[in-house]
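Remarks on the overall topology
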Amino acid sequence: MRLGPSLIVGLIVAGPAPLAGAAETPWSRVEHASLGKPTAIGGPSNGCIAGAQSLPATGTGFVSIRRHRNRFYGHPETIRLVKDLGKAMDTHNGRLIMIGDLSQPRGGRMNSSHVSHQNGLDVDVWLTLVDSPAGAVRAAPEGQDPPSMVTPDGLELSSRFGPDQLFLIRTAAAEPTVDRILVNPGIKRALCRMEHNAAWLRKLRPWWGHDAHMHVRLKCPPGSPHCQQQAPVPAGSGCGAELAWWFSPEARTPTASSSKPRARPRPPAQCQVLLRGS
Ligand SMILES: [Zn+2]
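Within each chain, residue numbers correspond to sequence positions counted from 1 in written order. A pLDDT threshold of at least 70 governs which residues receive local features in this predicted model, and a stricter bar of 80 or more applies before side-chain atom pairs are shown or counted, although totals over entire chains, interfaces and linings include all residues. Only hydrogens and water are removed before side-chain values are computed, so all heavy atoms of the structure are retained for them.

Our next topic: the overall build of the chain. When helices and strands are counted, the chain shows eight helices and eleven strands. Type-normalised accessible area, obtained with a 1.4 Å probe on protein chains alone, sets the label of each residue: buried when under 20%, exposed when over 50%, and partly exposed for intermediate values. Counting across all 278 residues of the chain, residues that qualify as buried make up 52%. Across the chain, every contact between residues at least 6 apart in sequence was considered, and the portion connecting residues at least 24 apart equals 76%. Per-residue accessibility takes into account occlusion by the displayed protein chains alone, with areas from the Shrake-Rupley method and a 1.4 Å probe. For the chain, the accessible area works out to roughly 13000 Å², and carbon and sulfur atoms hold 57% of it. Under the scheme used here, helices are H or I runs from DSSP no shorter than 4 residues and strands are E runs no shorter than 2 residues, and both carry numbers assigned from the N terminus. Only heavy atoms matter for contacts: two residues are in contact if any of them lie within 4.5 Å across the pair.

Here it is in structure tokens:
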């Protein structure tokens, strides 16, 4: 089947959407983090977080947006990463990074937008920079995402992507606590060309959407024995054949299996205890 350009664009640049058929989850009704030692439990797509910290609404070089969702909790390593990125941006150009969803107060499944972000180690970082918290409200009003950084055909960077975006992505990739960063294939390919297959590109993983934000995932931190580490990112910059696949007709064609809801695994036992606890 050949796809018209508009469908292809939709596939490549589609942003977060409500989860099809997602039932309301009890995790979304949890209002507070649990007390005690911060511990990431399970994996990003089936886990939870005990003793989470909350990200402040603003700090040096960053502003946390859409706070009413109550998804600004994470492992202290995640909070530290956001603060470090903010400080780096502040020194770089004095502007603010907009921080999107982290995790719910105890992590777990969300009602909308994400399958992952469950164990306090994922954070969405928008690639549009702003000059003030008020600017963030204008740049990311409810129900409208900041602009895409790739062209409508999904093949190249848009004119919005500049040295500040490169700085932001490279700074995050250089952080030793960061395991991987999901970005649109169009972003990864452009950076592979620009940065001549530099080693830090390895952490950039091409994925659908992710054209207006990057999704940063941390490694399982020390002191979280039940945290489930994802399989390591393959060796090399990832700028070769694997990346080329994303631009193949196969990658750009929707399949019946990709639209089927996946069976939901049973949450780790520690998470069930955490959900019931005070
Ligand atoms: Zn994300």
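Text resumes after the structure shown.
Our focus in this paragraph is the state of the cysteines. Count a disulfide wherever a pair of cysteine sulfur atoms falls within 2.5 Å. Under the definition given, this model contains three disulfides. Between the sulfur of cysteine 48 and that of cysteine 271 lies a disulfide, 2.1 Å long from S to S. Torsion about the S-S bond of the cysteine 48 and cysteine 271 cystine: about -95°, corresponding to left-handed handedness. Here the residue cysteine 48 occupies a position in strand S2 (residues 46-50), and cysteine 271 occupies one in helix H8 (residues 269-276), the gap between them amounting to 223 residues.

For strand S9 (residues 178-183), the tally of buried residues reaches six of six residues, placing the bulk of the element in the interior. Pairing between strands is defined by DSSP: at least two bridges between them are needed. When S9 meets strand S10 (residues 204-206), the two strands line up parallel, connected through three bridges. Opposite isoleucine 181, over in S10, you have leucine 204 as the bridge partner. Looking down the strands as they point away from the viewer, one classifies a crossover as right-handed if the path from the first strand across the helix to the second runs clockwise. Read from S9 through helix H5 (residues 185-194) to S10, the crossover connection turns out right-handed.

On to the coordination of the zinc ion, then. Looking at the zinc ion, the protein donor atoms are His117 (NE2), Asp124 (OD) and His215 (ND1), and they sit 2.0 to 2.2 Å from it. All donor residues of the zinc ion come from one chain, and their arrangement in sequence is H-x6-D-x90-H. Judged by its relative accessible area of 4%, aspartate 124 falls in the buried class. Counted as donors are N, O and S atoms no farther than 2.8 Å from the metal, or 3.2 Å for Na, K and Ca; water is not among the atoms, and sites may therefore look incomplete.

Most of S2 is tucked away, with five of its five residues classed as buried. Side-chain alternation along S2 places Asn46, Cys48 and Ala50 on one buried face and Gly47 and Ile49 on a second face that is also buried. As defined by bridge partners, strand S1 (residues 39-43) adjoins S2 across five bridges and the pair is classed as antiparallel. Following the sheet pairing, glycine 42 is matched in S2 by glycine 47. Here S1 folds back onto S2, and the loop between the two strands holds two residues.

Over its 18 residues, helix H2 (residues 76-93) extends 26 Å from the first C-alpha to the last, a length consistent with the 26 Å expected when each residue adds 1.5 Å. Among all positions of H2, only Pro76, Glu77, Thr78, Ile79, Leu81, Val82, Leu85, Gly86 and Met89 are buried. Trailing H2 by a residue or two, glycine 94 shows a phi angle of about 75°, which is positive. Expected helix span is computed as 1.5 Å times (number of residues minus one).

So, on to empty space enclosed by the protein. The method works on a 1 Å grid over the protein atoms by themselves. A cavity is a set of points holding a 1.4 Å probe that cannot get out, a pocket is an open set with protein on both sides within 12 Å along at least five of seven lines, and residues with an atom within 4 Å of a point line them. Grid points are joined across faces, edges and corners, and a volume is the space filled by probe spheres set on the points. One pass over the full model with this rule turns up one cavity of 30 Å³ or more. Taken as a whole, the largest cavity encloses approximately 70 Å³ of empty space. Lining the largest cavity are 13 residues, and of these Pro44, Leu121, Arg217, Leu218 and Gln228 lie nearest its centre.

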